[in-house]
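The lines below spell out each chain.
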Amino acid sequence: MSYASSSSTGVASLQEFWLDILRKIEPKIQRSQFITWFKGTALLGCEDRTLVVGLPLPMSLNWHLEHYRGLTLEIARELDPSIEQVVYKVDVGLKDDPSRTTDLLQHFPEQKKRKVAGKQEVKLAEGIVSKILSPRYTLESFIVGASNRLAYAACQAVAGQPGGRYNPLFLYGGVGLGKTHLLQATGNAILHNMPKSTVVYTTTEDFTNQVIEAIQHQKMEQFRRRYRMVDVLIIDDVQFLANKERTQEEFFHTFNALYEEHKQIIVAADRPPQELQLEDRLTSRFERGMIADVSTPEYETRLAILVEKAKEYQLFIDMTVLQFIAEHANKNVRELEGILMQAVAQYELEQRMPSVKSIADIMRKLNKDPHAEAEFVGFDVAPRRQSTFQDVLEAVSRYYSVSVQDMIGQSRVREILIPRQIAMYLLKKYVRMSHVRVGEVFSGRDHTTVMNAYGKIEGKLQNDPQLLREMRSLEKELDFV
Ligand code: ADP
Ligand code: MG
């Protein structure tokens, strides 16, 4: 159909034509640019071989003339070859009239970028490939305790002076204890200090695949040359080198070449070098450097990690609950993280504040080891711990069907006011929290607000039998009476 030549170019068909044009423009320019400059635009006319484009703002006229007129004409002509020119008309009315314009966000929703977990790589110079270092892993975000102090100090030293005294650096320890974190954090720190250096982080699996590929395509020379240009080589999980003679050999040569050039090598494994069952010459290379272990963090470190992670997830979680997790989840850090993640999910999806009970449930669910399960069975029958402030918030939230979020939030809606005051009252009276502390829980309200709430509820209980009944049943539910 020829739009320009048809005499009945009604508003609807103009809108349709404009949308067709936009659909073809959109892939050609950056999304942010597209939204910025085409929002509120419309096709005002299409007659005499001329496309009249309406712009909502005078300031966008020049920009369109300079940047988009050619493109718009080109695309319009693809759809209707009879069109010869594009002219613009500023029509400020378009700005406030969605019925005349196209809703770009609706018609052009943002495409979620697909993430390929664990496959993200960066190409460095000359075909050298490194896995992307996660910005989450930094030395600053690593919690140091007796269990990892040496490893951490070694990483810090290497970050300050790669290729210096601690070369190679060999980290070892069980799963989930922070080896990968430390490796990547060290890589990140080196890149921060020396942005021009070539830092390669790879796993033994990837390294092995590259060796195999190089052999297959007879590109061993190229492979060797490539790796020799690296300034810092970080290889994770070298326990998987066991029984891979050819990869070990290549690694050995790469290792020697880099070492001689004072380039830094950092590796991690799940056990010390002598237990890795590698060629002796490789084992002795590792042993010549710095070896540091990471072991299971002790209670205090676990607690410190939990406090940090809770902050990271922006999860407001009571210290007694964190202590409970630290006491009972003592295998590794990944386990701690797993529990917190679940607690975050519960909070986000169900507005459930983490409590000792909800955490015990999560732990029981996560724990697949039947022996460990026996250890947890006690929770349900264990004497009920004193209700914590989460218990109070949850109970009041359930009782009055208002969310904890709303209750501790800023809303001044009447339906929330009473439950909020009741929660404050219960916290003050039974959990024995100070006015100040209660205020903190409720989005940092002043302690006088808490005092007022307490006074109000106390007064009402004297002459409001309904409220009294409600209070009694809450007190009972919380084991306060
Ligand atoms: P590994 O490589 O030893 O199996 P990871 O480095 O993958 O363990 O650690 C598992 C998770 O625990 C990661 O998310 C990591 O950030 C976290 N983690 C481990 N130890 C610490 C620590 N000391 N401080 C902060 N986070 C840690
Ligand atoms: Mg790891």
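This text follows the structure it describes.
Reading guide: rules and limits
- Residues numbered from 1 in each chain as written.
- Chains lettered and ligands numbered in written order.
- Predicted model: local features only at pLDDT ≥ 70, side-chain atom pairs only at ≥ 80, totals over all residues.
- Heavy atoms only, no water.
- Helix = DSSP H or I, 4+ residues; strand = E, 2+ residues; numbered from the N terminus.
- Rg over C-alpha atoms; globule rule 2.2 N^0.38 Å.
- Buried < 20%, exposed > 50% of the residue type's maximum accessible area, 1.4 Å probe, protein only.
- Contact = heavy atoms within 4.5 Å.
- Areas by Shrake-Rupley, 256 points an atom, 1.4 Å probe, with all protein chains shown as cover.
- Lys, Arg positive; Asp, Glu negative; His and termini not counted.
- Charge placed at Lys NZ, Arg CZ, Asp CG, Glu CD.
- Near = heavy atom within 4 Å.
- Polar contact = N/O pair within 3.5 Å; in protein donor to acceptor, adjacent residues only side chain to side chain.
- Pairing = 2+ DSSP bridges.
- Axes fitted to C-alpha atoms, helices over the stretch in contact; angles between N-to-C directions.

Peer 1: Sorry, what's going on with the overall build of the protein here?
Peer 2: From N to C terminus, the protein includes 21 helices and 10 strands. Against the globule reference of 23 Å for 481 residues, the protein gives a C-alpha radius of gyration of 32 Å, more extended than a compact globule. Projected onto its principal axes, the C-alpha positions of the protein cover 90 × 85 × 40 Å. The buried share of the protein, reckoned over its 481 residues, is 46%. Contacts spanning at least 24 positions in sequence make up 71% of the contacts within the protein whose residues lie at least 6 apart. Summing over all exposed atoms, the protein offers an accessible surface of approximately 25,600 Å²; the carbon and sulfur share of this is 50%. The positive charge centre, built from 61 side chains, and the negative charge centre, built from 63, are 2 Å apart in the protein.

Peer 1: Any chance you could explain the site of ligand 1 here in plain terms?
Peer 2: Inspection of the region around ligand 1 gives 19 residues, with Gly 176, Lys 179, Thr 180, His 181 and Glu 337 positioned closest. A distance of 2.8 Å separates an oxygen atom of ligand 1 from a polar atom in the side chain of Lys 179. At a separation of 2.8 Å, an oxygen atom of ligand 1 approaches a polar side-chain atom of Thr 180. Look at ligand 1: alone it shows 560 Å² of surface, and the protein chains cover 95% of it.

Peer 1: In this structure, what is going on with the sheet that holds strand E2 (residues 50–55)? I would like to understand it.
Peer 2: Across a sheet, paired strands are connected by hydrogen bonds in the backbone, their directions being either parallel or antiparallel. Pairing in this open sheet of three strands is mixed, and the strands run E1-E2-E3 from one edge to the other. Each having just a single partner strand, strand E1 (42–47) and strand E3 (85–90) make up the two edges of the open sheet. Across the sheet, the axes of successive neighbouring strands diverge by a mean angle of 25°, strand direction being ignored. Both E2 and E3 contribute to a ladder of six bridges, which runs parallel. Following the sheet pairing, Leu 51 is matched in E3 by Val 86. Strand contacts of helix H3 (residues 59–79): E2 and E3, with the helix running at about 145° to E3, the strand carrying the most contacts.

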